[in-house]
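Remarks on the overall topology
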Amino acid sequence: MWRIGYCFSILFLLALAEQAFAEAPDLWRIERPAESRGLSGQHPAVDRAVLGSWLVSRVSRDQRGGKLSPSQWAFVPGERFALPLPGVGRVEISFDSLWNTAPGVDVYAGRIQGRAEWLFTFSIDSEEVLARFFLEDRVYILENYLDRNQLVLHEMDRGRLPKSPDRPEGEHLRSLSYNDDGITIQSTTPPSCSSFTPSGANGHARVLFLHSSDVSSGISNLIGSIVSEFNVSADNSRVELDNFITVADIRQVGDTFDGLCRGPILDQMEAESGAFQGLSQWMANTDADIAFLLVSEDANADQGSLCVPNLGRVGGAARILKAFDRPAYGLSTVTWALGDLTAVHELGHILGGLHEGPVPFQLQEGFAEAGVPDCAHGHVGSSDEWMTMMGGYVECPFDDTQPDPTQQSCTRLPIWSNPFMFHDGELVGDADTAHMAVALEMTMPIAAEWGASASPKPQSAPTATVQSQFCRGFNDIFWTAVPATQVYQLVESVDSTFNFDPLKYFGASTVTTVTVQQGQTRYYRVRACNGNGCGPWSNTVSAAYFTGICQ
Ligand SMILES: [Zn+2]
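This is a predicted model, so every value here is computed, not measured. Within any chain, residue numbers begin from 1 and follow the written order of that chain's sequence. A pLDDT threshold of at least 70 governs which residues receive local features in this predicted model, and a stricter bar of 80 or more applies before side-chain atom pairs are shown or counted, although totals over entire chains, interfaces and linings include all residues.

1. As for the overall build of the protein chain
How we decide: By the criteria applied, helices consist of DSSP H or I runs no shorter than four residues and strands consist of E runs no shorter than two, each listed in order from the N terminus. Three exposure classes are used, based on other C-beta atoms lying within 10 Å of a residue's own C-beta, which is placed from the backbone: buried for 20 or more, exposed for 12 or fewer, and partly exposed in between. Contact criterion: two residues are in contact if their C-beta atoms, reconstructed from the backbone, are within 7 Å.
Tallying secondary structure elements over the protein chain gives ten helices and 28 strands in all. Of all 551 residues assigned to the protein chain, the portion counted as buried reaches 50%. Pairs at least 24 apart in sequence give 68% of the contacts found in the protein chain among residues at least 6 apart.

As structure tokens, this is what we get:
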């Protein structure tokens, strides 16, 4: 994704961006009602707006095959632009990082209005674009219509995404009935969080993504954005960089699971029955630690557990950190994964995350034995208007009759509970009861051990070099390849201490482009990682803003 020689096009696009601001009132055309992504009901799932030519101008298409061309893509980490959103007005988007998290997919992630809790992701592969804007009370989805050369913005009607708890605590008592399973429950105490210091152990969990045969369109972009959103939200919540997820593989399964609610699908995964025959072998072949299914909604589903009255199969479900000897499996319906953070939330469950509030006493031993710490909980704000990633709509409910997304009482924010972070002036966690940032540092190294990893972790450090594009803040950063590497992590710091070092690039490439704001110098280093951990950091390089005339 490097663009030496593209300075002219970038300047041109910056000019376009300025023009777009001026044209803001006409940028969107709202069409109502709109198509529904697999949802049926009285009111449409989404409002739809056709975006003007501005964002389209940033997607190149080759002349012969009509493929989208990421190599000419004009977004660069560090870049900022403003975009008018219908009903919100102009918001500033900052592109913070580039993620190559699914094969053939570039995901640009960033903040909206500079806020880590307002997440923006933009995925592009050779066929399609998928962008998502998670604002506090609104979720927008941007997709392309290839035939019309247009991008279409959907505002999710969150009233169409009713949130019954995905994993009612009482369900565990009934469906797991661990005393009947013959599982020996040892008397263990959950690890405490307030005394935990990161071990730096390998917390790289590889996920085998499965999808039902009716949701293949755009699936790579969706998976790329789910993985990026997990990692970006963890990075934004100050989870140590040793802990991240990657895609082990993407595989279609030959079923649409008509009539089945969530419970029996998870049961089929566990039994390796039906379309899941060979699942454990697929996981072994790809060094996967976790299997996660994306499946469509089914309003007529009424078979098995975890059905929602009148809605059938919606939302997601997961097994928690192999507690009670259950495997590391989860699922989400596609619309919920798109319109909510359901897939990331369910992956959080698989990695030990629990909803807000205490764990029922009867379940404590099982979770403790699995290694789920005391603090592995979501956190709900005192206003009951927001919750962190592992919030389960338990303390702050969701009104599934309210179609206006801004009138919903409760929102799941794309951050993990952390007692040292704030949202709207309030702490988003508690050191003893809600600190998922530290809990993930305890549980992800456990998850990383579930699947076999063939090669030892990378032993050597890459050697990094930087090359200015001699145009504004654009700099290309190169590094040497390290054997047995699956992903490189490039981090940025305001000084050479790297005390605060957000990720800028994550993927298999050995070059990326960054942008430095005027008057600034930024420091970078990179390291190589695989399923067994990460090697040492490279040398430090610095990049600055070029004040001369662009060459
Ligand atoms: Zn949940």
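Continuing now.
2. What about the sheet that holds strand β13 (residues 243-253)?
For clarity, the threshold we go by: Only strands joined by at least two bridges in the DSSP assignment are considered to pair. Only C-alpha atoms enter the line fits that serve as axes; for helices the fit covers just the stretch in contact. Angles between N-to-C directions range over 0 to 180 degrees.
Pairing in this open sheet of five strands is mixed, and the strands run β13-β12-β14-β16-β15 from one edge to the other. The sheet is open, and its two edges are formed by β13 and β15 (316-318), each paired on a single side. This sheet shows a mean twist of 20° between the axes of neighbouring strands, independent of strand direction. Note that strand β12 (residues 203-212) and β13 share ten bridges and pair parallel. By the bridge assignment, H211 is partnered in β13 with Q252. The sheet strands contacting helix α4 (residues 219-236) are β12, β13 and β14 (290-295), and the helix crosses β13 at an angle near 165°. Its contacts with the sheet place helix α10 (residues 436-448) against β12, β13 and β14, and it is angled at close to 70° to β12.

3. A word on the packing of α4 against helix α8 (residues 342-350)
Under the convention used in this document: Helix crossings get a hand from a simple test, with the near helix turned counterclockwise from the far one by less than a right angle marking a left-handed crossing and a clockwise turn marking a right-handed one. Polar here means any residue outside two lists: the nonpolar Ala, Val, Leu, Ile, Met, Phe, Trp, Tyr, Cys and Pro, and the charged Asp, Glu, Lys and Arg; Gly therefore counts as polar.
At a closest axis distance of 9 Å, the pairing of α4 and α8 adopts a crossing angle of 65°. In this structure, the crossing between α4 and α8 has a hand that is right-handed. For the pair α4 and α8, contact is made by I226, E229, F230 and S233 and by A343, V344 and L347, respectively. For the contact of α4 with α8, the per-class residue count stands at five nonpolar, one polar and one charged.

4. Notes on helix α5 (residues 262-271)
Considered for burial, the residues of α5 that qualify are R262, P264, I265, L266, Q268 and M269. Downstream of α5 by one or two residues, E272 has phi in the positive range, about 50°.

5. Some words on the pairing of strand β19 (residues 418-423)
Relative to strand β20 (residues 426-428), β19 runs antiparallel, the two sharing three bridges. Looking at β20, one finds that N418 is bridged to V428. Between the antiparallel neighbours β19 and β20 lie two residues, among them D424 with a positive phi of about 50°.

6. Considering helix α9 (residues 361-370)
Three or four residues apart is the spacing at which side chains of an α-helix point the same way, because the helix has 3.6 residues per turn. For α9, the complete set of buried residues consists of G366, F367, A368 and E369. Downstream of α9 by a residue or two, G371 has a phi angle that is positive, lying close to 100°.

7. Things to note about the environment of G254
Here G254 is to be found in the loop between β13 and α5. A sequence separation of 40 residues divides G254 from D214, and the C-alpha atoms of the two residues are 9.0 Å apart. Setting aside residues up to four positions removed in sequence, G254 forms contacts with S213 and A275.

8. Here we look at the sheet that holds strand β22 (residues 474-479)
Across the sheet, three strands lie side by side as β21-β22-β25; this open sheet has antiparallel pairing. A strand with exactly one partner marks an edge of an open sheet, and here the two such strands are β21 (464-468) and β25 (511-515). Shown here is a sheet whose adjacent strand axes are inclined to one another by a mean of 25°, direction ignored. Relative to β25, β22 is paired through five bridges, and the arrangement is antiparallel. Along β25, the bridge assignment pairs I477 with T512.

9. Examining the nonpolar core
Put simply, the test is: For this entry, the nonpolar core is defined as buried Ala, Val, Leu, Ile, Met, Phe, Trp, Tyr and Cys residues connected by C-beta atoms within 7 Å.
Membership of the largest hydrophobic core comes to 141 residues, with the highest contact counts inside it found for F133, V207, I290, A291, F292 and L440. The greatest single-element share of this core, amounting to nine residues, is contributed by α10. Among residues more than four places away in sequence, those in contact with F133 are L85, I112, F120, V139 and Y140.

10. Looking at the pairing of strand β16 (residues 329-333)
Side chains on a regular strand alternate between the two faces of the sheet. Counting buried positions along β16 gives five out of five residues, so the element sits mostly inside the fold. Along β16, one buried face is formed by Y329, L331 and T333 and the opposite face, lined by G330 and S332, is buried too. One ladder, built from five bridges, connects β14 with β16; its direction is parallel. From the neighbouring strand, L294 faces β16, where its bridge partner is S332. As judged from the three bridges shared by β15 and β16, these two strands associate in the antiparallel manner. Considered in β16, the bridge of G316 is made with S332.

11. A short note on the confidence of the model for the protein chain
Low pLDDT marks stretches whose predicted atomic positions should not be read closely. Convention followed: As a per-residue quantity, pLDDT reports the predictor's confidence and falls between 0 and 100.
With 77% of its residues at a pLDDT of 70 or more, the protein chain has an overall mean of 79. Across residues 69-73, where pLDDT falls below 50, the model places eleven contacts with residues more than four positions away in sequence or in other chains. A low-confidence stretch, residues 167-187 (pLDDT under 50), is modelled with 20 contacts involving residues beyond four sequence positions or located in other chains.

12. Focus on the environment of L98
Among the secondary structure elements, L98 is positioned in strand β6 (residues 89-99). Given 27 C-beta atoms within 10 Å, L98 falls into the buried group. Sequence separation between L98 and G110 is twelve residues, and the spatial gap between their C-alpha atoms is 9.1 Å.

13. As for unusual backbone geometry
Even without being a glycine, D287 presents a positive backbone phi close to 55°. By secondary structure assignment, the location of D287 is in the loop between α6 (279-285) and β14. Notably, L306 is not glycine yet its phi reads approximately 60°, a positive angle. Secondary-structure assignment places L306 in the loop between β14 and β15.

14. Structural notes on the environment of G507
With respect to the helices and strands, G507 occurs in strand β24 (residues 503-507). Here the alpha-carbon distance between G507 and C529, two residues 22 residues apart in the chain, equals 9.7 Å. Those residues within four positions of G507 in sequence are excluded, and the remaining contacts are W99, N100, T101, V487 and Y488.

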